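# Structure at a glance
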Amino acid sequence: MVYTGTDGLDYAHTGSGTGLGLAIAQSICQAHHAAIRAESGQDGTTFRVEIRKE
């Protein structure tokens, strides 16, 4: 798990996110048997969501 959403910190004034959106995306992926992956590089981090068609 990348983020649990339980650190209790307030990031609203620092300009960075809390990661809550990532936690929500992970919950959706788990509910739909999908995968979420993070790939980091020099230009930043890319998150990929893979959902299979049925």
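A quick note: this is a predicted structure, and the numbers were derived from the prediction, not measured.

### Comments concerning the overall build of the protein
Secondary structure summary: the protein contains one helix and two strands in total. In sequence order, the secondary structure elements of the protein are arranged as α-β-β. Burial status across the protein gives 13% buried among its 54 residues. The contacts of the protein with a sequence gap of at least 6 include a subset with a gap of at least 24, amounting to 9%. Element-wise, carbon and sulfur atoms account for 51% of the exposed surface of the protein, whose accessible area totals about 4800 Å².

### Things to note about the pattern of salt bridges
Under the defined criterion, the tally for this structure stands at two salt bridges. Notably, a salt bridge pairs Glu50 with Arg37, separated by 3.7 Å at the nearest N-O pair. Taken together, the residues span a long stretch of sequence, with Glu50 in strand E2 (residues 44-50) and Arg37 in strand E1 (residues 35-41) at a distance of 13 residues. The partner of Glu39 in a salt bridge is Arg48, and the shortest N-O contact between them spans 3.2 Å.

### Structural notes on helix H1 (residues 20-31)
Its 12 residues place the ends of H1 17 Å apart at the C-alpha level, agreeing with the 16 Å of an ideal helix rising 1.5 Å per residue. Turning to H1, the residues buried within the fold contact E1 and E2. Directly after H1, the chain includes His33, whose backbone phi takes a positive value near 55°.

### With respect to the pairing of E2
Note that E1 and E2 share seven bridges and pair antiparallel. Its bridge partner being in E2, Ala35 is matched across the sheet by Glu50. The hairpin turn running from E1 into E2, its antiparallel successor, is two residues long.

### Looking at the environment of Ala38
Along the chain, Ala38 falls in strand E1. Through-space distance from the C-alpha of Ala38 to that of Arg48 is 6.4 Å; in sequence the pair is 10 residues apart.

Rules behind the numbers
- Residues numbered from 1 in each chain as written.
- Predicted model: local features only at pLDDT ≥ 70, side-chain atom pairs only at ≥ 80, totals over all residues.
- Heavy atoms only, no water.
- Helix = DSSP H or I, 4+ residues; strand = E, 2+ residues; numbered from the N terminus.
- Buried < 20%, exposed > 50% of the residue type's maximum accessible area, 1.4 Å probe, protein only.
- Contact = heavy atoms within 4.5 Å.
- Areas by Shrake-Rupley, 256 points an atom, 1.4 Å probe, with all protein chains shown as cover.
- Salt bridge = Lys/Arg side-chain N within 4 Å of Asp/Glu carboxyl O.
- Expected span 1.5 Å × (residues − 1).
- Pairing = 2+ DSSP bridges.

Honestly, it's all geometry; don't read function into it.
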